[in-house]
Amino acid sequence: MARGIRVILLGPPGAGKGTQAKLLQDEFGVCQISTGDILRKAVSEQTPLGKRASEFITRGALVPDAVILDLVAERLKEEDCAQGFILDGFPRTIPQAEGLEGILKAKDLVVDRVLSVRVPHKVIVERLAGRRTCKSCAALCHVVFDPPKKPGICDRCGGELYQREDDREETIAARLQVYDTQTAPLENYYRERGLLSEIDGVGKVDEIRSRVSRALGDVTR
Ligand code: AP5
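Everything in this summary refers to the structure shown in the same document.

### Comments concerning the nonpolar core
Part 1 of the argument: Ranked by size, the top nonpolar core spans 32 residues in total, and within it Ile-8, Val-63, Leu-76, Leu-100, Val-114 and Tyr-190 carry the most contacts.
Part 2 of the argument: For this core, the secondary structure elements donating two or more residues are strand E1 (6–10), strand E2 (31–34), helix H3 (48–59), helix H4 (65–76), strand E3 (85–88), helix H5 (94–106) and helix H8 (185–192).
Part 3 of the argument: Per-element accounting of this core gives the leading share, 7 residues, to H4.
Part 4 of the argument: Dropping the residues within four chain positions of it, Leu-100 is found in contact with Ile-8, Leu-69, Leu-76, Leu-87, Phe-90, Pro-91, Val-111 and Tyr-190.
Part 5 of the argument: With 23 residues, the next largest nonpolar core counts Val-117, Val-119, Val-212 and Val-219 among its residues.

Right under this line is the structure:
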């Protein structure tokens with residue numbers, strides 16, 4: 001039986017974090033925590049969290065650290081996270097990384113590996129422009145690179161596919177800038193702790209999956 005793993009996926013918008021996180025979740029039977037998915041669900045259900053987060057997401061800005069840390073701390077208590085987790089889109093700032101360390105320390109846990117997925121801006125824009133997400137199960141596809149069998153319908157659950165509001169060109173530019181200024185410094189933070197592996201994110205999904213496997217080699221053995 002595969003052992004649990006505790007992995008962080010870093011990378012700019014559209015790098016393929018969500019795509020790879022879902023593959024790792026299926027393989028290792030651990031939970032995938034996408035703070036973006038949790039926030040979008042809250043927005044669509046118009047919960048107090050969703051109402052608060054909505055204006056940040058629409059502008060491509062980050063939701064305040066304290067809000068994010070509370071929601072991750074709660075999510076990590078759920079049963080499906082007992083064997084490990086794949087964090088996708090979290091942490092995104094140094095205070096979030098420090099907060100995560102505190103949450104894990106209280107449980108006597110550490111992160112096994114941080115994978116930084118690197119993709120040039122031109123590829124990011126192509127990926128985000130064609131991305132479609134399932135309204136029901138949050139599965140991902142792409143109108144050109146991974147088209148659904150029936151247009152507009154999720155292959156996995158039959159749900160309706162939609163285009164994210166923050167995948168508009170001007171919002172993508174804002175998100176990239178936020179990544180460069182607020183999230184990219186996390187690479188050094190984790191490099192200094194000996195946890196960082198860089199992954200070339202250009203290529204087919206399976207090729208990147210193989211690079212991820214190689215980078216996780218000693219963690220999964
Ligand atoms: P979030 O949902 O986390 O978005 P993101 O980090 O910008 O990342 P994306 O989901 O856009 O991209 P991805 O890397 O997962 O790529 P994907 O696999 O989908 O955050 C959204 C917003 O929520 C933030 O802007 C912020 O406001 C807020 N937020 C979230 N977390 C927060 C936090 N921790 N703190 C504060 N605020 C937070 O792939 C993209 C497309 O490419 C897909 O169509 C896919 O099918 C395709 N694709 C993937 N891999 C390949 C490949 N190898 N070849 C061809 N196509 C591919």
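Don't stop here, the text continues.
### A look at the site of the ligand
Part 1 of the argument: Near the ligand you find 35 residues, and of these Thr-19, Ala-61, Arg-92, Arg-131 and Arg-175 are the closest.
Part 2 of the argument: Contact distances for the ligand include 3.0 Å between an oxygen atom and a side-chain N or O atom of Arg-164.
Part 3 of the argument: Note that a nitrogen atom of the ligand is positioned 2.8 Å from one of the backbone N or O atoms of Gly-203.
Part 4 of the argument: Protein coverage of the free-state accessible area of the ligand, which is 1000 Å², stands at 96%.
Part 5 of the argument: Every element with two or more residues in the shell around the ligand is listed here: helix H1 (17–28), helix H2 (35–44), helix H6 (121–130), strand E6 (140–142) and helix H9 (205–215).
Part 6 of the argument: A class-by-class count of the residues in the shell around the ligand yields 16 nonpolar, 10 polar and 9 charged.

Quick notes on the rules
- Residues numbered from 1 in each chain as written.
- Predicted model: local features only at pLDDT ≥ 70, side-chain atom pairs only at ≥ 80, totals over all residues.
- Heavy atoms only, no water.
- Core = buried A, V, L, I, M, F, W, Y, C linked by side-chain atoms within 4.5 Å.
- Buried < 20%, exposed > 50% of the residue type's maximum accessible area, 1.4 Å probe, protein only.
- Helix = DSSP H or I, 4+ residues; strand = E, 2+ residues; numbered from the N terminus.
- Contact = heavy atoms within 4.5 Å.
- Near = heavy atom within 4 Å.
- Polar contact = N/O pair within 3.5 Å; in protein donor to acceptor, adjacent residues only side chain to side chain.
- Areas by Shrake-Rupley, 256 points an atom, 1.4 Å probe, with all protein chains shown as cover.
- Nonpolar A, V, L, I, M, F, W, Y, C, P; charged D, E, K, R; others polar.

Purely spatial values, then, with no claim about function.
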